[in-house]
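# Summary of structural features
Residues per chain, in single letters:
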Amino acid sequence: MTITIKVGSNVLAGQGGMLNIERMENLVAQIAELHKAGHKIIFVTSGAVAAGRSMISGYADLDPVSQRQLLSSIGQVKLIDQYKQIFDRHNIQIGQILVTKQDFSTREHYLNMKNCITTLWQSNVIPVVNENDAVSVTALMFTDNDELSGLLASMMDCEKLFILSNIDGIYNGNPADAGSEVIREIEPELNVAQYVQTTKSGFGRGGMQTKCKTAQKTAASGIDVYIANGTRPDVIKRLAADDKDFVCTHFIAGEHSPAVKKWIAYSEGFAKATVVVNQGAKLALLSHEHAASLLLPGVVAIDGEFKKDDMLLIKDGEGNIIGVGRANMDRAKISQMTGMKHSKPLIHYDFLYIYPNA
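Only a predicted model underlies this, so the values are computations on that prediction, with no experimental measurement involved.

Regular strands show a simple pattern: their side chains alternate between the two faces of the sheet. Burial of strand β4 (residues 126-131) is extensive: six of the six residues sit out of reach of the surface. Burial along β4 is two-sided: I126, V128 and N130 facing one way and P127, V129 and E131 facing the other are all buried. As defined by bridge partners, strand β2 (residues 40-45) adjoins β4 across two bridges and the pair is classed as parallel. The partner of V44 across the bridge, within β4, is V129. Bridge analysis of strand β3 (residues 94-99) against β4 gives six bridges, and the strand direction is parallel.

Scanning the model with the defined rule gives five aromatic pairs in all. Taken together, a centroid distance of 5.2 Å and an interplanar angle of 85° make the contact between F43 and Y83 edge-to-face. A residue pair is termed long-range when its members are at least 10 positions apart, and F43 in strand β2 and Y83 in helix α4 (residues 64-88) qualify at 40 residues. With a relative accessible area of 0%, F43 lands in the buried category. Plain terms: the ring middles of Y110 and W263 are 6.3 Å apart, the flat faces sit at 50° to each other, and that makes the pair tilted. Taken together, the positions of Y110 in helix α5 (residues 107-122) and W263 in helix α9 (residues 259-265) put the pair 153 residues apart, joining distant regions of the chain. Side by side, Y110 and W263 carry an identical accessibility label, which is buried. A network of ring pairs unites the aromatic residues F43, Y83 and F87 as a single cluster. Here the basic side chain of K261 rests over the ring of Y349, its NZ or CZ set 4.0 Å away from the ring centre. Its end group placed over the ring of F351, R326 keeps NZ or CZ at 4.2 Å from the ring centre.

What follows covers the environment of P233. With respect to the helices, strands and loops of the structure, P233 is situated in the loop between β7 (224-229) and α8 (235-240). As for P233 and Q30, which are separated by 203 residues in sequence, their C-alpha atoms are 10.0 Å apart.

Looking now at unusual backbone geometry. Residue N124 is not a glycine yet carries a positive backbone phi of 65°. Looking at the element boundaries, N124 is found in the loop between α5 and β4. The phi angle at D157 is positive, at roughly 55°, despite the residue not being glycine. Structurally, D157 can be placed in the loop between α6 (145-155) and β5 (160-165).

One open sheet accounts for eight strands, arranged β3-β4-β2-β1-β5-β7-β8-β6; its pairing is mixed. The sheet is open, and its two borders are formed by β3 and β6 (185-186), each paired with just one other strand. Bridge analysis of β6 against strand β8 (residues 249-251) gives two bridges, and the strand direction is parallel. Its bridge partner lying in β8, I186 is registered against F251. Strand contacts of helix α7 (residues 208-220): β1 (2-7), β5, β6, β7 and β8, with the helix running at about 155° to β7, the strand carrying the most contacts.

Thresholds applied
Residues numbered from 1 in each chain as written. Predicted model: local features only at pLDDT ≥ 70, side-chain atom pairs only at ≥ 80, totals over all residues. Heavy atoms only, no water. Buried < 20%, exposed > 50% of the residue type's maximum accessible area, 1.4 Å probe, protein only. Helix = DSSP H or I, 4+ residues; strand = E, 2+ residues; numbered from the N terminus. Pairing = 2+ DSSP bridges. Phe/Tyr/Trp six-rings, centres within 6.5 Å; stacked < 30°, edge-to-face > 60°. Lys NZ or Arg CZ within 6 Å of the ring centre and 35° of its normal. Contact = heavy atoms within 4.5 Å. Axes fitted to C-alpha atoms, helices over the stretch in contact; angles between N-to-C directions.

Right, dumping it as structure tokens:
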């Protein structure tokens, strides 16, 4: 089985926001057991900033970006060293991969990253991945490591993705309310936005909205996704064993998506322009009965310049993002094709991704 495991800052942070070494050891022991049983693991871990807090003082007066750069750059050294010591006790080699969102910006970069992880797997090495906060440009950062873990799980065609936080899953109300319960299973077509709390985690950048969005997008590509409490005993082992008694939220996998669509699904941040479609085009794109490309007659407005193969955001007339796709022509060619009855699509179906519940 191939599994991506993401551990959030709130799972790893102990007193004062610093690393909880005992919890790290417990999580690694579970990963080691799966690895030795023959499962391929990608371990996505936050915690560099938490590690940095214990190593330096006087950073409180820095602006938020500089503070993150300082703490993450020195903390990442401690974080990976701590993991290496723990994995060494299990006789397991790990390989560190620090990434930025730009590392996935083109198909070439994407495939190069895929080759890197494939090589580590073939050498029986566990990839330990974190975003490189020290050099990431704010405008092009991952929302948090939830988004990164979903991208990696999709890229490597994993069977499961575990997103471990400090909450048991998606609740059907405010988790603080006595009557609220964890939603145990979520089908691909279910819109759970009404249940998701908008508050962010104490130490991470994201929140439950990010986790839910990543989980639905990843599940829609054919991967079973679990949001679970990483502080619970044996959480990883129980998720891997599909323990039905373990309380968590399981996003049930949809139909398997082609590899190129999985890449496009996470390319929203690289879009060079936005196209607005009319209601007829929107209904055609959202139809599950047949495959539809985006044709020029369905486009009512274009915002921005682009070239062939650039990424384009697709919005409806109310400004809602419904999808993303790769341009099949330059912006300059569109005016030449206006009025033609038979023109090639602006975005072909094979390079088009429509968001779940759009």
